[in-house]
Amino acid sequence: SGNKLVTSRFIPQGLIDAVGCAKVAWHSPDPTLPENDALPAGRYFLKASHGSGMVCPVTYPLEQETRSALEAMCRQWLTTRYAIHNGEWWYSVFRSEILLEEAIGTAPDTVSWNVLAFRGRIGAITAYAEFLADGRMREASLWYDANFQVLPFQHPSRPRLEHASISNDLKNRIAAVAAAIATPFPFVRVDLLVDDNEEVFLGELTFAPNGGLNRLPRDYDAHLGCLWEM
């Protein structure tokens, strides 16, 4: 379930026309990135297939110094047994690879709409973004209820995301797509992305966010727990 190279398999047949996946331009178990003439010029996201946080925006063609630094980072990713320390063993049962995904939209900081759902019933929604600052990837988020109303409590350490406003039509489509994808599962977080034309893309499915070790505000934790049918 954690393999980013097979995310599209979770899209139900009836949603094929309503949601897609980012195009994987290249992938390999080797950290050597493709030559500049092997890919069209443009923005990509460099990722590892087997975990979270291993992602970096890149622009082709690459300068040699940038390429060397990225390949060193990829070597480190490929030798990382992601999440073994907190029990997320499923990330280690498939081959680890490096991939380059085409960017979705032109916004510099792509917002992911992470929908927490229980048998298709939406419990909460997080607008989440990663951005490069001071040479490091940073995070920002905004927590909503199932109706896209901002919750009174937010992530205890992340800054609030300030640019997550979307149309009511797009909110409805995000909710419908996430609910349909989540219906077979007791719980799943469905991460969706949106391009410049408000087309919806499935980023990934996460069945145990942070290995279930998140420290959440008590009211938020109780609300989500009540939705879980054991």
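Counting starts from 1 at the beginning of each chain's written sequence and moves along it residue by residue. Where totals are concerned, whole chains, interfaces and linings use all residues; where local detail is concerned, this predicted model gives features only for residues with pLDDT of at least 70, and gives and counts side-chain atom pairs only at 80 or more. Side-chain calculation: all heavy atoms of the structure are included, whereas hydrogens and water are not.

## So, the sheet that holds strand E2 (residues 24-28)
Next, step 1: Taken in spatial order, the four strands make up an open sheet running E2-E5-E3-E4, and their pairing is antiparallel. Every other strand in the sheet has two partners, leaving E2 and strand E4 (55-60) as the edge strands with one partner each. Across the sheet, the mean angle separating the axes of adjacent strands is 25° when strand polarity is ignored.
Next, step 2: Two strands qualify as a pair provided that DSSP identifies no fewer than 2 bridges between them. Helix and strand assignments follow DSSP, with helices taken as H or I runs no shorter than four residues and strands as E runs no shorter than two, numbered in order from the N terminus. Sheet topology note: the E2/strand E5 (residues 98-102) ladder contains four bridges and is antiparallel. Residue tryptophan 26 lies in a different strand from E5, and its bridge partner there is leucine 100. Axis definition: a line fitted to C-alpha atoms, over the contacting stretch in the case of helices. Angles run 0 to 180 degrees between N-to-C directions.

## Some details on the side chain of glutamate 101
Next, step 1: On the secondary structure map, glutamate 101 appears in strand E5.
Next, step 2: Accessibility here uses a 1.4 Å probe with only protein chains present; expressed as a share of the type maximum, an area under 20% marks a residue as buried, one over 50% as exposed, and anything in between as partly exposed. Classification of glutamate 101 as buried rests on a relative accessible area of 10%.
Next, step 3: N or O atoms closer than or at 3.5 Å make up a polar contact, with two conditions inside protein: a donor-capable atom paired with an acceptor-capable one, and, for residues adjacent in sequence, both atoms drawn from side chains. Within the structure, the side chain of glutamate 101 is placed 2.9 Å from the side chain of lysine 47, a separation counted as a polar contact.
Next, step 4: A contact between two residues is defined here by any heavy atoms of the two lying within 4.5 Å. Glutamate 101 has contacts with Ala22, Lys23, Val24, Ala25, Tyr44, Phe45 and Lys47, leaving out every residue within four places of it along the chain.

## Quick notes on the layout of surface pockets
Next, step 1: Detection works on a 1 Å grid of protein atoms alone, calling trapped sets that fit a 1.4 Å probe cavities and calling open sets with protein on both sides within 12 Å along at least five of seven lines pockets, with lining residues defined by an atom within 4 Å of a point. Grid points are joined across faces, edges and corners, and a volume is the space filled by probe spheres set on the points. In this structure, the second largest pocket occupies an estimated 280 Å³ of space.
Next, step 2: Lining the second largest pocket are 18 residues, and of these Ala107, Val111, Ile166, Val194 and Asp195 sit closest to its centre.
Next, step 3: Basically, the charged four are Asp, Glu, Lys and Arg, the nonpolar ten are Ala, Val, Leu, Ile, Met, Phe, Trp, Tyr, Cys and Pro, and anything else, Gly included, counts as polar. Of the residues that constitute the lining of the second largest pocket, the class distribution is eight nonpolar, six polar and four charged.

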